[in-house]
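Observations on the model geometry
Here are the chains, one letter per residue:
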Amino acid sequence: MGIEESPKKKAVRAYIEGFRTGDHEAILALLTDEVTWEIPGFFDISGKAAFDNEIENAAFEGRPKLTIHRLVEEGDVVVAVGAVEAARKEGGILSAVFADVFYFEGDKIRRLETYQMEKGG
C-alpha cells in the first residue's frame, strides 16, 4: 500500500498536467495573485496576467511532453525534477531536463524558479 501524496505535491502534478494539456485556467487556479516566475538568465515575471502569457511560448507549437522523475518536498517547497520535449516552430525538438522549485503560500504557488538544461549538443 502506497503513501498518500501531500496536497502540495498534488498541486505540482496538477500544474504540470495543465501545461501538458494547455489548460490555462487550471494552472492559474493554483497560483497566488502575486505569483512570480523566474528562469535565471532568461526572465523574471510577476502576477497572474504575466504568468498566463508565458504558459504557451510563441517559439514552440503543440503541447510539450513533460515527464516528472521525482518530487521532493520540504516545508513550503516542492522540487519537481523531470524532462521536457517540445516541437520548435522553426523546426527541431527541444529536449531538456529541468528542476522546478515551487514555493507555496498555503495551498497556492507563490513563486516558481525553473532551471532547465538542453540535452545533447
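These notes cover the structure that comes with them. Bear in mind that the values here come from a model prediction, so they are computed numbers and not experimental data. (Residues numbered from 1 in each chain as written. Predicted model: local features only at pLDDT ≥ 70, side-chain atom pairs only at ≥ 80, totals over all residues. Heavy atoms only, no water.)

Under the counting rule described, the total for this entry stands at nine salt bridges. The salt bridge partner of D33 is K48, with a shortest N-O separation of 3.6 Å. With D33 in strand 1 (residues 31-39) and K48 in helix 3 (residues 48-54), this residue pair connects regions lying 15 residues apart in the sequence. On the accessibility criterion, D33 (53% relative accessible area) is exposed. A relative accessible area of 26% means that K48 is categorised as partly exposed. Here R88 ties to E118 by a salt bridge, and the two come within 2.6 Å at their closest N and O atoms. Of this pair, R88 sits in strand 4 (residues 77-88) while E118 sits in strand 6 (residues 108-118), and the two are 30 residues apart along the sequence. Among the ionic contacts, a cluster of salt bridges with common partners joins E38, R111 and E113. (Salt bridge = Lys/Arg side-chain N within 4 Å of Asp/Glu carboxyl O. Helix = DSSP H or I, 4+ residues; strand = E, 2+ residues; numbered from the N terminus. Buried < 20%, exposed > 50% of the residue type's maximum accessible area, 1.4 Å probe, protein only.)

Quick look at the nonpolar core now. Counting 28 residues, the largest nonpolar core has V12, Y15, W37, F51 and F102 as its most contacted members. Sorting the residues of this core by element identifies helix 1 (7-21), helix 2 (24-28), strand 1, strand 3 (60-74), strand 4, strand 5 (93-105) and strand 6 as the ones contributing at least two each. With sequence-adjacent residues up to four places away left out, F51 is seen in contact with Y15, I27, L31, V35, W37, I45 and L112. (Core = buried A, V, L, I, M, F, W, Y, C linked by side-chain atoms within 4.5 Å. Contact = heavy atoms within 4.5 Å.)

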